[in-house]
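Coordinate inspection notes
The residues making up each chain are set out below.
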Amino acid sequence: MEPNLASYLALSGILFTIGAVGVIYKRNALGMFMCIELMLNSVNLTFIAFARYYGDTTGQLFVFMVMAVAACEAAVGLGIIIAFFRNKVTIDVDEASLLKN
């Protein structure tokens, strides 16, 4: 038995919700970063599910674009986290509010 579109969308919704809750409640920058990646991958799952359901490759092309954006986001985000850790010796995002001055 093959999973249908609704099961893929339900899984994607669950993963996106877990990612959104993680971004809201995590205080660790790396944890927030991983939750954002989880949200991006849940969107990719939705694109792939719709592409397969409709037999169109447009969704797969969007996935490649999302993956490229995610790779850029990972490079910039990790650079910011490393720079913040070097300055504050912590990755708690509450300490990042001190960068406003």
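Residues numbered from 1 in each chain as written. Predicted model: local features only at pLDDT ≥ 70, side-chain atom pairs only at ≥ 80, totals over all residues. Heavy atoms only, no water.

Looking now at the layout of surface pockets. Approximately 200 Å³ is the volume attributed to the largest pocket. If you trace the largest pocket, you find 12 residues lining it, with Ala29, Met32, Ile80, Ile81 and Val93 closest to the centre. Only helix H2 (29–54) and helix H3 (58–88) provide two or more residues apiece to the lining of the largest pocket. Classifying every residue of the lining of the largest pocket gives 11 nonpolar, 1 polar and no charged. (1 Å grid on protein atoms, 1.4 Å probe; cavity = no way out; pocket = protein on both sides within 12 Å on 5 of 7 lines; lining within 4 Å. Points joined across faces, edges and corners; volume = space filled by probe spheres on them. Helix = DSSP H or I, 4+ residues; strand = E, 2+ residues; numbered from the N terminus. Nonpolar A, V, L, I, M, F, W, Y, C, P; charged D, E, K, R; others polar.)

The share of residues in the protein with pLDDT of 70 or more is 96%, and the mean pLDDT across the chain is 89. Per-element confidence in the protein is highest for helix H1 (residues 5–25), whose mean pLDDT is 95, and lowest for H3, whose mean pLDDT is 90. (pLDDT = per-residue confidence, 0-100.)

Turning our attention to the packing of aromatic side chains. Using the criterion set out here, one finds 3 aromatic pairs in the structure. Aromatic pair Phe50 and Tyr54: ring centres 6.2 Å apart, planes at 10°, arrangement stacked. Of this pair, Phe50 and Tyr54 are both found in helix H2, 4 residues apart, which corresponds to roughly one turn of the helix. For Phe50, a relative accessible area of 32% puts it in the partly exposed group. Ring plane angle 80° and centroid distance 5.0 Å describe the contact between Tyr53 and Tyr54, whose orientation is recorded as edge-to-face. When its relative accessible area of 58% is taken as the criterion, Tyr54 is described as exposed. Linked through ring pairs, Phe50, Tyr53 and Tyr54 together constitute an aromatic cluster. (Phe/Tyr/Trp six-rings, centres within 6.5 Å; stacked < 30°, edge-to-face > 60°. Buried < 20%, exposed > 50% of the residue type's maximum accessible area, 1.4 Å probe, protein only.)

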